[in-house]
Amino acid sequence: MEPGSYRVRDGAVAAPGDDIGTPLFELAGPAGVGSGESGFGDGAYEARAGVPPEAELEALDAYSRTVAGVVERLAGSVASLRVMRAGRRGRVPVGAGSAVVLTPDGFLLTSAHVVAGRDREGRATFVDGRELAFRVAGSDPLSDLAVLRADGDELNPAELGDAAHLRVGQLVVAIGNPQGFAGSVTAGVVSALGRSLPARSENAVRMIDSVIQTDAALNPGNSGGALVDSFGRVVGVNTAVAGVGLGLAVPINDATRKVIGALMRDGRVRRAYLGVAGGPRPLPARARRERDQATGVEVIEVTSGSPAEGAGVRPEDLIVELAGSRVSGVDDIQRLMVADLIDAPVEVIVLRGGEPLQLRLVPRELR
């Protein structure tokens, strides 16, 4: 087949100007796909030099084979959740969602909002028909992740990937249980990386960083399900639908792996707490030149009795450094608020009236 443009009609291929009744050849393909018995629908196609028609057909079907391979590998590792709470008349259903198997002995990963509330428990159903009772082993609303413990073993654990290696445009597959339809699969691409999603736990608000945006269709019930790359590795936990064709997933990365480990081990995540509310602000010209830094975090409010108040931090201070690390935005402070900083004295540098001021601060545990 010579390189160039060809037209397909009813499975027959002819060059432009040729009588379609005298096909150059017939395209063999899966019955019922496209037009006639061919895997190609009517329309125009480009032929590549040295590539036989069979290879063209395989290339067009590579997408399907990839998605099908991911589903075969992961379908047994994603559970449908029925969430319940104790009521006067027994257990009462309060929600539904999805979960991903972490370990063969029953640890499951889901979204914290799926199991939010006191005394949550329920049933996890798998595609092989097994139905297991589960309880909440640990939940962290500020990362929207929770770990469940199911009463079963010999489960099929999913392989966790690393969202740090994702690229915009990369194929991803969402597996979950939207509207209660177990084992549902949708596919799309990574639409954007580095999104932020607000999360709240009582009076504390935190931004979830590095959120994945995808156009793979997500619906109620997908929350807690797997966002998977083309190699079958879980790179995200589906968490929100922001609009049609706009789904969001909490990434699987070094930070979230630590959260998952803490939930499995301790049932909670310990974080340090400063007691300030603020937002990004450009540094004054002189400070920008001296520090080679464009922005810091302006303190808008200092909580009464907080570590920040005890250290002498004031509203309108501009935080530029904390614990030896540069602070350019609120997310920089959040990343530093790890368990190791609890009750550990740290230095904080602020600009007050344009002049640098070094303060000593002792973060407490966020409760």
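Before reading on, note that the structure itself is shown above.
Residues numbered from 1 in each chain as written. Predicted model: local features only at pLDDT ≥ 70, side-chain atom pairs only at ≥ 80, totals over all residues. Heavy atoms only, no water.

Caption draft 1: Focus on the packing of aromatic side chains. Summed over all chains, the structure comprises 0 aromatic pairs. Positioned above the aromatic ring of Phe126, the side-chain terminus of Arg130 is 5.9 Å from the ring centre. When the ring centre of Phe107 is taken as origin, the NZ or CZ atom of Arg149, which lies over that ring, is 4.2 Å away. (Phe/Tyr/Trp six-rings, centres within 6.5 Å; stacked < 30°, edge-to-face > 60°. Lys NZ or Arg CZ within 6 Å of the ring centre and 35° of its normal.)

Caption draft 2: View of empty space enclosed by the protein. Counted according to the given criterion, the structure contains 1 cavity of 30 Å³ or more. As a volume, the largest cavity reaches approximately 40 Å³. If you go around the largest cavity, the residues you meet are Leu274, Val276, Ala308, Val313, Ile319, Leu322, Val348 and Leu361. Here the lining of the largest cavity is built from residues that sort into 8 nonpolar, no polar and no charged. (1 Å grid on protein atoms, 1.4 Å probe; cavity = no way out; pocket = protein on both sides within 12 Å on 5 of 7 lines; lining within 4 Å. Points joined across faces, edges and corners; volume = space filled by probe spheres on them. Nonpolar A, V, L, I, M, F, W, Y, C, P; charged D, E, K, R; others polar.)

Caption draft 3: Representation of the pairing of strand E17 (residues 246-251) within the structure. Within E17, 5 of the 6 residues are buried, which leaves the element mostly enclosed by the surrounding structure. The sheet contact formed by strand E14 (residues 204-214) and E17 spans 3 bridges and is antiparallel. Of the residues in E17, the one forming a bridge with Ile212 is Ala249. (Buried < 20%, exposed > 50% of the residue type's maximum accessible area, 1.4 Å probe, protein only. Helix = DSSP H or I, 4+ residues; strand = E, 2+ residues; numbered from the N terminus. Pairing = 2+ DSSP bridges.)

Caption draft 4: Representation of the environment of Thr103. Along the polypeptide, Thr103 turns up in the loop between strand E6 (90-101) and strand E7 (107-110). On the accessibility criterion, Thr103 (16% relative accessible area) is buried. Considered as a pair, Thr103 and Asn156 are 53 residues apart in the sequence and their alpha carbons are 7.4 Å apart. When sequence neighbours within four positions are dropped, the list of residues in contact with Thr103 reads Leu155, Pro157 and Met264. (Contact = heavy atoms within 4.5 Å.)

Caption draft 5: Quick peek at the pairing of strand E21 (residues 318-322). Among the 5 residues of E21, 4 are classified as buried, and the element is accordingly described as predominantly covered. Pairing analysis gives 2 bridges linking strand E20 (residues 295-302) to E21, with the strands arranged antiparallel. Looking at E21, one finds that Glu298 is bridged to Leu318. Relative to strand E23 (residues 346-352), E21 runs antiparallel, the two sharing 4 bridges. Its bridge partner being in E23, Leu318 is matched across the sheet by Leu351. Judged from the 2 bridges that link them, E21 and strand E22 (residues 325-326) form a sheet pairing that is antiparallel. By the bridge assignment for E22, Leu322 is matched with Ser325. Here E21 folds back onto E22 in antiparallel fashion, the turn holding 2 residues, of which Ala323 has a positive phi close to 55°.

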